[in-house]
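Notes for the structure review
Chain by chain, the residues:
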Amino acid sequence: MTGLSDAHAANRVRELALALPEATEQDHHGFPSFRVGGRIFATLRDPGRVNVMLDEDGIRTAIGDHPDLCEPVMWGEKLSAVAVDLERADTTLLADLLADAWEGKAPKRLADERAIDRMARRPFGAEAREVYGADGVHDFARRAILDALALGPGDRLIEVGCGGGLLLRDATRLGAVATGVDHSDEMVELARERAADARVERADAGDLPFEDGSFDAYAMSIVLMFVADGGRALTEARRVLAPGGRLAVYTSGPELRGTPALPEPLATRVHLREDDELEALALAAGFADCAVTDDDGAQLLTARVR
């Protein structure tokens, strides 16, 4: 690599590493190192290479999956890091490895928050793409929403928090004109791949970039519990629905707190609402015919626009 390329590669590592919560850069024996909670998770020791401090399993996995890009770094007889070729490694791989190393070194408070973001609040990374791109993910919620909305040819659907786009895909197969939004850039990309006939954009539940009355149906699947201002999200839903529009929101109630469906620490960081609270939010947003079907904490809120 040339010196200019080395500088560009170092800046790419620096940008990705310092984007992680509370990450800092410090000198380590004359080399840049990246730390969280005072612990090093990556160093730039060689031109065009970054040493990423994964655990032993993570190191072996990285080398096994990418033998042409990753090499072991030994400290005595112990595996201590994986050296990544910055000239050939793409940004997605580099970001995933740095995030894994950061999680292994971060204080539990930060690691828990990051793990929840990575897999639930704002999914990103290879594992999240694999989970949300799988055909069976949240299929129970998807079926319940589609049954409730009874989409037909020409129905204009919006799904808020569309994840990997499987509901959008199924809706287009029913003849609907489907639009999805998500606030995760990676989920937007994934949904565009999985639901090629749908329109997918980046947006937030409380600020949708569409005109009043643009849609006939509104879907939200296991997203509302991550939205602090549920009233605002439902008010936006009401705004973008045309007269006669239908709403179906699948979410989790307090009964699921601490169960395998909603384990800690995730359960303490979401907004769980009783059935009557959900109905009240929908009524306050201007919906009619509001009802909640509750199956041991699995809630389906349905409503209509008069």
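Read on for an overview of the structure. These numbers were taken from a predicted model, which means no experiment stands behind them.

1. Points about the layout of surface pockets
Taken as a whole, the largest pocket encloses approximately 1,000 Å³ of empty space. In terms of lining residues, the largest pocket is bounded by 45 residues, among which A120, S221, I222, V223 and F226 are the most central. Of all the secondary structure elements, the ones that give two or more residues to the lining of the largest pocket are α4 (108-121), α5 (125-133), α6 (139-149), β7 (156-160), α7 (166-173), β8 (177-182), α9 (230-240) and β11 (241-252). The dominant element in the lining of the largest pocket, judged by the number of residues it contributes, is α4, at 5 residues. Along the lines of polarity and charge, the residues of the lining of the largest pocket split into 27 nonpolar, 9 polar and 9 charged. Reported here for the second largest pocket is a volume of approximately 540 Å³. In terms of lining residues, the second largest pocket is bounded by 23 residues, among which A95, F124, G125, D185 and E186 are the most central.

2. Focus: the sheet that holds strand β5 (residues 70-75)
Pairing in this open sheet of 6 strands is antiparallel, and the strands run β1-β2-β3-β4-β6-β5 from one edge to the other. Looking along the sheet, the strands with just one partner apiece sit at the ends: β1 (24-28) and β5. Strand after strand, the sheet turns through a mean of 30° between neighbouring axes, direction not considered. Pairing of β5 with strand β6 (residues 78-85) involves 6 bridges; the strand directions are antiparallel. Opposite C70, over in β6, you have V84 as the bridge partner. In this fold helix α2 (residues 56-65) packs onto β5 and β6, with an angle of close to 40° to the strand it touches most, β6.

Rules of the game
- Throughout, a residue's number is its position along its own chain's written sequence, starting from 1.
- Where totals are concerned, whole chains, interfaces and linings use all residues; where local detail is concerned, this predicted model gives features only for residues with pLDDT of at least 70, and gives and counts side-chain atom pairs only at 80 or more.
- Water and hydrogen atoms play no part in the side-chain values, which are based on all heavy atoms of the structure.
- Cavity and pocket criteria rest on a 1 Å grid covering protein atoms alone: a 1.4 Å probe that fits but cannot get out defines a cavity, protein on both sides within 12 Å along at least 5 of 7 lines defines an open pocket, and an atom within 4 Å of a point defines a lining residue.
- Grid points are joined across faces, edges and corners, and a volume is the space filled by probe spheres set on the points.
- Helix and strand assignments come from DSSP, with helices taken as H or I runs of at least 4 residues and strands as E runs of at least 2, each series counted from the N terminus.
- Residue polarity is assigned by list, with Asp, Glu, Lys and Arg as charged and Ala, Val, Leu, Ile, Met, Phe, Trp, Tyr, Cys and Pro as nonpolar; anything else, Gly included, falls into the polar class.
- Strand pairing follows a simple DSSP-based rule, namely that at least 2 bridges must link the two strands.
- Each axis is a line fitted through C-alpha atoms, taken for helices only over the stretch in contact, and angles between the N-to-C directions span 0 to 180 degrees.
- Residue contacts follow a heavy-atom distance rule, with two residues in contact if any of their heavy atoms lie within 4.5 Å.

Geometry only, nothing functional implied.
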